[in-house]
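Architecture and fold: a report
These are the residues of each chain, in order.
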Amino acid sequence: MLEITPLHYSLLSAALFMIGVIGVLARRNIIVVFMSIEIILNAVNINLIALSHQWQNLAGQVFVVFVIAVAAAEAAVGLGILVAFFRNKETVNIDEMSVMRW
Amino acid sequence: MVEAIAFYTLAALILGLAILVITARSAVHSALFLVVDFFFVAVMYVSLGAEFVAVIQILVYAGGIVVLYLFVVMLVSLKREPEQHADTRRLKFQGMLLAGVVLLELVGIGAYAAARDSAPVVARVAVDIPVQGGNTEQLGWVLYTDYLIPFELASILLLVAMVGAIVLAKRSLD
């Protein structure tokens, strides 16, 4: 209990991941849904950094750098889509974004 | 002992702030809680010896992405809260059941790993990094030798995302 093993970090990461998934599923405001996705990516990053520390291998940290780059790209494009959508429909509620749903 | 106290404090702060992010009523509050959450995640990176990634985390997430979120929250001024729209088709019971099953699975994994008398002590295989020095120097070396092509692809991805964001947010294409 008092010794911190990679298991502790993995459990923290899993809990953070679950919080993010709950945010994606339960919230209707699409901006908060985007934030939940960032939380999910952070949970993955904690896992990668902890295992990189455990194995003394820098590949994990390199992957985190790439994940952060992809997260930045995702945020830019996602928020661009959101602004374009809001201009047309005046809403950020994901229940009303059903134009492309079959 | 000190390590354990630091870990549990940080973990409680990270999880608590994440819960605040997804439960806050207004999106501005969510974004502000998200900044603080990312700061604590960066502190955890430092405690794991990843200083460069911690600095990148603060610069890119707290400094860039969350500011972008705040801009968009201010841009989309809402007349009514989106949460007031009730969805009648929401499957509450099935969702709770599924969440319970996943929680049981997580607890099972944790109990199984904790019950094994000794945690698998992984031999600390030091991968031969040709450069001695700080974390940033080593990471830079790995990034520009073994991961050069993924690194360049990431820069192309960022360029495409930048062009895409400009095109999407423009009022009209003329």
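A brief report on the enclosed structure follows. (Residues numbered from 1 in each chain as written. Chains lettered and ligands numbered in written order. Predicted model: local features only at pLDDT ≥ 70, side-chain atom pairs only at ≥ 80, totals over all residues. Heavy atoms only, no water.)

Before going further, it helps to spend a moment on the nonpolar core. Judged by nonpolar contacts, the single largest core of 62 residues is most densely connected at A:Tyr9, A:Ile31, A:Ile46, B:Met44, B:Val53 and B:Tyr69. Those elements giving two or more residues to this core turn out to be helix H1 (6-26), helix H2 (30-55) and helix H3 (59-89) of chain A together with helix H1 (2-23), helix H2 (27-47), helix H3 (51-75) and helix H5 (135-145) of chain B. At 11 residues, the largest contribution of residues to this core is made by H3(A). Split by domain, the residues of this core number at least three in each of domain 1 (1-76) and domain 2 (139-174) of chain B. Once residues within four sequence positions are removed from consideration, B:Val53 is found in contact with A:Ile49, A:Gln61, A:Val64, A:Val65, B:Tyr45 and B:Leu139. (Core = buried A, V, L, I, M, F, W, Y, C linked by side-chain atoms within 4.5 Å. Buried < 20%, exposed > 50% of the residue type's maximum accessible area, 1.4 Å probe, protein only. Helix = DSSP H or I, 4+ residues; strand = E, 2+ residues; numbered from the N terminus. Domains from an automatic or database assignment. Contact = heavy atoms within 4.5 Å.)

All names here are of chain B. What the rule picks out here adds up to four aromatic pairs over all chains. Between phenylalanine 38 and tyrosine 61, the aromatic rings sit 4.5 Å apart at their centres with planes inclined by 40°, giving tilted as the arrangement. One end of the pair, phenylalanine 38, is in helix H2; the other, tyrosine 61, is in helix H3, and 23 residues separate them in sequence. The exposure class of phenylalanine 38 is buried, given its relative accessible area of 2%. (Phe/Tyr/Trp six-rings, centres within 6.5 Å; stacked < 30°, edge-to-face > 60°.)

What follows is about the side chain of A:Asn29. By the secondary structure assignment, A:Asn29 is in the loop between H1 and H2. Here A:Ile31 takes part through its backbone nitrogen, which lies 3.1 Å from a polar atom of the side chain of A:Asn29. (Polar contact = N/O pair within 3.5 Å; in protein donor to acceptor, adjacent residues only side chain to side chain.)

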